[in-house]
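Structural overview
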Amino acid sequence: MQWFVNLISLYLESKKEIDARVPIKPIGTIDINKASSILLDKLEEIGDSDAGIYLPDKGIKIYKKEDVNKAYELEEVSSISYIAEAHDCDDFAAKLFGKFAGLVWTNVHALNWFLDENSNFWWIEPQKRKVSSALEAWQGSEVRFFIAR
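A short tour of the structure in this document, coming up. (Residues numbered from 1 in each chain as written. Predicted model: local features only at pLDDT ≥ 70, side-chain atom pairs only at ≥ 80, totals over all residues. Heavy atoms only, no water.)

**A word on the sheet that holds strand β4 (residues 102–106)**
The mixed open sheet is built from six strands, whose spatial order is β2-β8-β4-β5-β6-β7. In this open sheet, the two edge strands, each paired with only one partner strand, are β2 (52–54) and β7 (130–132). For this sheet, the mean inter-axis angle between neighbouring strands, taken without regard to orientation, is 25°. Here β4 pairs with strand β5 (residues 110–115) via four bridges, running antiparallel. Within β5, the position partnered with W105 by the bridge is A110. (Pairing = 2+ DSSP bridges. Helix = DSSP H or I, 4+ residues; strand = E, 2+ residues; numbered from the N terminus. Axes fitted to C-alpha atoms, helices over the stretch in contact; angles between N-to-C directions.)

**Quick look at the nonpolar core**
As a rule of thumb, soluble globular proteins bury nonpolar side chains together. In terms of nonpolar packing, the biggest core is built from 19 residues, with W113, L115, F121, W123 and F146 touching the most fellow members. Contributing elements (two or more residues each) for this core: α2 (32–45), β3 (59–62), β5, β6 (121–125) and β8 (143–147). Tallying contributions element by element places α2 first for this core, with four residues. Within the second largest apolar cluster, 14 residues are counted, among which are I24, V68, V77 and L96. (Core = buried A, V, L, I, M, F, W, Y, C linked by side-chain atoms within 4.5 Å. Buried < 20%, exposed > 50% of the residue type's maximum accessible area, 1.4 Å probe, protein only.)

**Some words on the packing of aromatic side chains**
Across all of its chains, the model carries eight aromatic pairs by this definition. Aromatic side chains Y54 and F145 sit 6.3 Å apart centroid to centroid with 70° between the ring planes, which places their arrangement in the edge-to-face category. On the criterion of sequence distance, the pair formed by Y54 in strand β2 and F145 in strand β8 is long-range, its members being 91 residues apart. A ring pair is formed by W113 and F146, whose centres lie 5.8 Å apart and whose planes are at 80°; its orientation type is edge-to-face. Of this pair, W113 sits in strand β5 while F146 sits in strand β8, and the two are 33 residues apart along the sequence. Here W113 and F146 have matching classes, each one buried. (Phe/Tyr/Trp six-rings, centres within 6.5 Å; stacked < 30°, edge-to-face > 60°.)

**Some details on the pattern of salt bridges**
Side-chain pairs of opposite charge can arise where the charged atoms are in close proximity. Applying the stated criterion to the full structure yields five salt bridges. Of the charged contacts in the structure, one is a salt bridge between E75 and R129, with a shortest N-O distance of 2.4 Å. Note that E75 is positioned in helix α4 (residues 72–78) and R129 in the loop between β6 and β7, a separation of 54 residues in sequence. Residue classification places R129 among the partly exposed positions, given a relative accessible area of 32%. Measuring nitrogen to oxygen at the nearest pair gives 3.2 Å for the salt bridge that ties E76 to K99. Taken together, the residues E76 in helix α4 and K99 in the loop between α5 (89–97) and β4 connect sequence positions 23 residues apart. (Salt bridge = Lys/Arg side-chain N within 4 Å of Asp/Glu carboxyl O.)

**Some points on the environment of N33**
Counting through the fold element by element, N33 comes out in helix α2. C-alpha of N33 to C-alpha of K58: the two residues are 25 residues apart in sequence and 8.2 Å apart in space.

**Details of the side chain of E125**
Of note, E125 is situated in strand β6. For the buried residue E125, which engages in no salt bridge, the nearest side chain bearing the opposite charge is K128, 6.9 Å off. Within the structure, the side chain of E125 is placed 3.0 Å from the side chain of Q139, a separation counted as a polar contact. Setting aside its immediate chain neighbours within four residues, E125 contacts H109, L111, K130, W138 and Q139. (Lys, Arg positive; Asp, Glu negative; His and termini not counted. Polar contact = N/O pair within 3.5 Å; in protein donor to acceptor, adjacent residues only side chain to side chain. Contact = heavy atoms within 4.5 Å.)

Here you go:
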């Protein structure tokens, strides 16, 4: 009988892992004009005004910051090994862009971004699974472009 209890316990644990892998879902959208304004404000904050902004839809998807921090997609992408020139920043950012996040290129680095439920802008460093409100010096000082997902 103990083997049956162990088997059920093992099944329930594996089910938790599977349930935790449900893809992150947007909680709504924000108007393209408001999203554009948020991105322009972010550029002004970092002293940059020359970046391209590409927002493909009239409604830009927004996500709960808490959901992004726990997203298995972020865990999955950050767990990939870094290989110079073969799998570096642009590859990490491209993989996360395909999941839920927008893509951003600075003058020295590629990373991701999203807007949260409070219309706050967040940078995502996909290699380190880090969400922050400001760029770090090593991530660049100028933005070349933003692309929304």
